[in-house]
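Letter by letter, the chains look like this.
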Amino acid sequence: MKAMVVTPYFYPHMGGVQKYVYEIGTRLQRAFGYDLTIVSSNWHKEENTAKTEQIGGLEVIRLPYQFKVSSTPVSLAWKRALQKIIGSVRPDVVNGHMPVPFIADAAARASAAMRVPYVLTYHNDLTGSDLLTWAFGRCYYPLLGSRTLRLADIIVATSEYYAGRSPHLSKHRQKLRYAAPGVDLGRFGGDRSDFLRRKYDLNGEKILLYVGHLDRESPHKGVHYLIRAMKTIRASMDAKLVLAGRGNYLDHFRELAAAEGILEDVIFAGFVPEDEMPLYFNSADLLALPSCDRAEGFGMVLIEAQACGTPVIGTNVGGIPYAVEDGATGLLVPPGDAAGLAAAAIKVLGDRDLYRRMARRGPERVRELFTWEKSAAVYDRVFREAAGERA
């Protein structure tokens, strides 16, 4: 079966959607015999041209963009370009990925014009963390997004929990299917390590870990709440906070840590290669994801940490309550609550029996619910359903 997947970004640009597309795509080819083509924007300004390359056995076609709105690439020529690719590749189904606007919308319209079934993967609602992006989000659905949802033959959400709380998916319940992000259990396992202690010359300190973007365009990650929480945690126990990730807001976070009097207790790890990520999860005592709005559709790092037997702290927002079994694999706190984050971290790290139960339950739940193999099997069924219904 031939499938064409249209995503706003793809490797080497890092992010949850990119990993989702890559991990499921490689398994569709390897386990289910798919002929898969990935179409993405060409993120890099210095080489903003059309190009085709191979990444991990996947054919990747990159399309140039005309301009960017915040971090969103845009081209008014994408619909025509996608129709041309559909005519050349002749896929049985096209799969677009939201919420990043424009390229998934263009794919929906190109698929309709070419009469090819269209499956839309809906990762999360488009929200706004400031006035400009909020206004952009408010305009997007009436102008583009709502019709894209209507054009989709099937809509795949990452969890029934998130879909049930999305105002934009409520009209499309009959078309909804569910495929959560997964974990590569061959890489992320409970092989505990002292990697971070050796790397940063740490002794008996508790290690709190954050993994994710550290840029101005990702305020929904709530890193500032975690830094403020760290001041309270540090007053209660000997602890270090490791911030793993890169971004254009590092100086801001350093200044905030200094203002809170904990700069020496925050380690800015920078970019972490993918092959080192299991070492980070396996050597941390706790992972925290302090996201503060519905732009967090799932929180993939939460299940990767749980697979390694590392308890987690998340917020009761977006899709995080599905990724975390509150009280069993970690704790949930209200979004935007630095005091709540601190109290939860202190509770988990200070209660040895609770910690052991969470460390044991986390890998069990991941094996039950969150593997890439399970997700790829869902996509195989969905793609065949869409192609069969259209035929």
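First things first, this report covers the structure right here in the doc. Since the model is a prediction, treat every value here as computed from it, not as a measurement.

Before going further, it helps to spend a moment on the layout of surface pockets. Empty space within the second largest pocket amounts to approximately 180 Å³. If you trace the second largest pocket, you find it lined by V74, S75, L76, W78, K79, F102, D105, A106, R109 and L144. Among the elements that make up the lining of the second largest pocket, the one with the highest residue count is helix α3 (residues 103-114) (three residues). Broken down by class, the residue content of the lining of the second largest pocket amounts to six nonpolar, one polar and three charged.

Our next topic: unusual backbone geometry. As a rule of thumb, non-glycine residues mostly have phi less than zero, and peptide bonds are mostly trans rather than cis. Each neighbour pair has its own omega, and for Y11 with P12 the value is 10 degrees, a cis peptide bond. Looking at where P12 falls in the secondary structure, it is placed in the loop between β1 (2-7) and α1 (16-32). In this model, R90 sits at a positive phi of 55 degrees, which is unusual for a non-glycine residue. Looking at where R90 falls in the secondary structure, it is placed in the loop between α2 (78-89) and β7 (93-98). Taking relative accessible area as the criterion, R90 reaches 64% and is therefore assigned exposed. Here D201, not a glycine, exhibits a phi torsion of approximately 55 degrees, which is positive. Within the element layout of this structure, D201 appears in the loop between α6 (195-199) and β11 (206-211). Using a relative accessible area of 65% as the deciding quantity, one classes D201 as exposed.

The tally for this structure, following the rule as stated, stands at two cavities of 30 Å³ or more. Roughly 80 Å³ of volume is contained in the largest cavity. Lining of the largest cavity is provided by V5, Y20, V21, I24, G25, L28, L36, N95, H97, Y379 and F383. Put simply, the parts of the chain that give the lining of the largest cavity at least two residues each are α1, β7 and α14 (372-390). Grouping the amino acids of the lining of the largest cavity by side-chain chemistry returns eight nonpolar, three polar and no charged. In terms of lining, the second largest cavity is formed by L208, L226, I233, A288, I313, L341 and A345. Secondary-structure elements contributing two or more residues to the lining of the second largest cavity are α7 (223-236) and α12 (338-350). Within the lining of the second largest cavity, the residues separate by chemical class into seven nonpolar, no polar and no charged.

A separate point is a positive patch on the surface. On the surface, K79, R147, R150 and K171 cluster together into a positively charged patch. Within the element layout of this structure, R150 appears in helix α4 (residues 131-151). Residue R150 is classed as exposed on the basis of its relative accessible area of 55%.

On to the side chain of T315, then. Mapped onto the elements, T315 comes out in strand β15 (residues 312-315). Residue class for T315 comes out buried when judged on its relative accessible area of 1%. For T315, the side chain forms a polar contact with the main-chain oxygen of S291, separated by 2.6 Å. Discounting residues that sit within four places of it in the chain, T315 has contacts with L289, P290, S291, I320, P321, L332, V333, P334 and P335.

Turning to the nonpolar core, a few remarks are in order. Counting 69 residues, the largest nonpolar core has L209, I227, L243, Y280, F281 and L287 as the members making the most contacts within it. Broken down by element, the residue count for this core peaks at seven residues, all from α12. By size, the runner-up hydrophobic cluster in this structure holds 33 residues, among which are Y118, Y122, I155 and A157.

One key point about sheets: their strands pair by backbone hydrogen bonds, in either a parallel or an antiparallel sense. Strand order in the open sheet formed by eight strands is β3-β4-β2-β1-β7-β8-β9-β10, with mixed pairing between adjacent strands. Looking at the sheet topology across the chains shown, the edges are occupied by β3 (51-55) and β10 (176-178). Each neighbouring strand pair of the sheet contributes to a mean axis angle of 25 degrees, computed without reference to strand direction. Pairing geometry for β3 and strand β4 (residues 58-63), over five bridges, is antiparallel.

Attention now moves to the packing of aromatic side chains. Two numbers describe a pair of aromatic rings. These are the distance of the centres and the angle of the planes. Considering all chains together, one arrives at 14 aromatic pairs under this definition. When the ring of F10 is compared with that of Y22, the centres are 6.5 Å apart and the planes differ by 40 degrees; the resulting orientation is tilted. Here the residue F10 occupies a position in the loop between β1 and α1, and Y22 occupies one in helix α1, the gap between them amounting to twelve residues. Residue class for F10 comes out buried when judged on its relative accessible area of 2%. You can call Y22 partly exposed: its relative accessible area is 22%. On the basis of an interplanar angle of 75 degrees and a centroid distance of 5.5 Å, the ring pair of Y379 and F383 is categorised as edge-to-face. Remark: F383 and Y379 occur in helix α14; sequence separation between them is four residues, near one turn of the helix.

Taken as a whole, this structure holds 21 salt bridges when the rule is applied. Close ionic contact of E53 with R62 constitutes a salt bridge, the shortest N to O distance being 2.4 Å. E53 sits in the partly exposed class, given a relative accessible area of 24%. Classification of R62 as buried rests on a relative accessible area of 5%. Where D265 meets K240, a salt bridge forms, and the shortest distance between an N and an O atom there is 3.3 Å. Separated by 25 residues along the polypeptide, D265 in the loop between α8 (250-259) and β13 (266-270) and K240 in strand β12 (residues 239-244) bring together distant segments of the chain. Beyond isolated ion pairs, a larger network of salt bridges with shared partners links E325, R361, E364, R365 and E368.

Conventions adopted
Residues numbered from 1 in each chain as written. Predicted model: local features only at pLDDT ≥ 70, side-chain atom pairs only at ≥ 80, totals over all residues. Heavy atoms only, no water. 1 Å grid on protein atoms, 1.4 Å probe; cavity = no way out; pocket = protein on both sides within 12 Å on 5 of 7 lines; lining within 4 Å. Points joined across faces, edges and corners; volume = space filled by probe spheres on them. Helix = DSSP H or I, 4+ residues; strand = E, 2+ residues; numbered from the N terminus. Nonpolar A, V, L, I, M, F, W, Y, C, P; charged D, E, K, R; others polar. Buried < 20%, exposed > 50% of the residue type's maximum accessible area, 1.4 Å probe, protein only. Patch = residues over 30% accessible without salt bridge, like charges linked within 9 Å, V, L, I, M, F, W, Y side chains within 5 Å. Areas by Shrake-Rupley, 256 points an atom, 1.4 Å probe, with all protein chains shown as cover. Salt bridge = Lys/Arg side-chain N within 4 Å of Asp/Glu carboxyl O. Lys, Arg positive; Asp, Glu negative; His and termini not counted. Charge placed at Lys NZ, Arg CZ, Asp CG, Glu CD. Polar contact = N/O pair within 3.5 Å; in protein donor to acceptor, adjacent residues only side chain to side chain. Contact = heavy atoms within 4.5 Å. Core = buried A, V, L, I, M, F, W, Y, C linked by side-chain atoms within 4.5 Å. Pairing = 2+ DSSP bridges. Axes fitted to C-alpha atoms, helices over the stretch in contact; angles between N-to-C directions. Phe/Tyr/Trp six-rings, centres within 6.5 Å; stacked < 30°, edge-to-face > 60°.

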